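Chain by chain, the residues run as shown.
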Amino acid sequence: MDTVTTSTGTSPTLLSPGERPQSFCSATGARPTVSEMDGKTLLSSPMPEVLGDLHAHVDRDPSWCERHPDQFFFIQQMIDHFVEGPAAVNPDDQISFIKAMCETGESARYGYRSQDRAAQEFADLVAEHARRQLEDSRKTLATVKAGLQGFARTTLTDQVNEKVERGQVQKIEAKLKGIWQWCVALYRADAQPTILLVFGPTAVVENEKAPELVSDPDYSRVFVTLKATGQQGLKRIVQTDVSLGEVINGLSQDDDRLRDAVLAVAFEG
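Worth saying up front: this structure is predicted, and the values here are computed from it rather than measured.

**Notes on the packing of aromatic side chains**
Evaluated as defined, the whole model comprises 2 aromatic pairs. Residues Y110 and W182 carry aromatic rings whose centres are separated by 5.9 Å and whose planes lie at 75° to one another, so their mutual orientation is edge-to-face. Residue Y110 is located in the loop between α5 (91–103) and α6 (115–161), and its partner W182 is located in the loop between β5 (169–173) and β6 (183–188); the two are separated by 72 residues in the primary sequence. Using a relative accessible area of 0% as the deciding quantity, one classes Y110 as buried. The positively charged end of K171 is found above the aromatic ring belonging to Y187, 5.2 Å away from the centroid.

As structure tokens, this is what we get:
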């Protein structure tokens, strides 16, 4: 079993990757001060020092972080909460957070109809910082969706239709709910299958059901999918070079990367 080493000022001890804060304190011999405020247990020194030592150690071992993304993500959130405290983050940080949520199996939380439920369950794991991250990253996803929808209506539709005679884009919609809501649909003429621009949690679901998976997906990017004939199931998915950050900042009218991806998905093979 892979382990990480931390020190409490005496001899190094081993922490199993799956351990959580209570067992972590027991393993290290740390004795944090515990107090109660509004029904919440608050930890004070030496917990920040212990977490700081752990953070410094795993930062020196990138291979461990790559092999254990779940544990590294949990440690990072613990550091943010107990050492740095909650703070507002910029869109780039939110995109990184969304990517980590997708890669660590937590993206289904975005599909819960009750936003409070999603935020509270995750906050139980990493306290108030996680609540802030989840709520803010949901807003970031909404900003990406609005940007993609606007670009599809004002630019992408014309770009695609200039290149094809059959199966032109006729309508743009973004009305799906739940885990499918991070999607912009391009409905086409001549009974041609719908093309979807997907990202974040929806891209995770689409990639999992695709006949050929994107083997090393980067969920900070936009994906393009093609529905199967009859609109049941998925025929193809590709990852584009367009980042979520670029969508937020605004794609230029001469940016043809999404056009090329749409044409490739629709007419390949």
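**Quick look at the pairing of strand β8 (residues 221–227)**
Where burial is concerned, most of β8 is hidden: 6 out of the 7 residues are buried. One ladder, built from 4 bridges, connects strand β7 (residues 195–198) with β8; its direction is antiparallel. Counted as the bridge partner of I195 is L226 from β8.

**Concerning the pattern of salt bridges**
Scanning the entire structure with this criterion turns up 10 salt bridges. Across the salt bridge formed by K171 and E173, the nearest N and O atoms sit 3.3 Å from each other. Connected through salt bridges with shared partners, the residues K171, E173 and K175 form a single ionic network.

Criteria and thresholds
- Residues numbered from 1 in each chain as written.
- Predicted model: local features only at pLDDT ≥ 70, side-chain atom pairs only at ≥ 80, totals over all residues.
- Heavy atoms only, no water.
- Phe/Tyr/Trp six-rings, centres within 6.5 Å; stacked < 30°, edge-to-face > 60°.
- Helix = DSSP H or I, 4+ residues; strand = E, 2+ residues; numbered from the N terminus.
- Buried < 20%, exposed > 50% of the residue type's maximum accessible area, 1.4 Å probe, protein only.
- Lys NZ or Arg CZ within 6 Å of the ring centre and 35° of its normal.
- Pairing = 2+ DSSP bridges.
- Salt bridge = Lys/Arg side-chain N within 4 Å of Asp/Glu carboxyl O.

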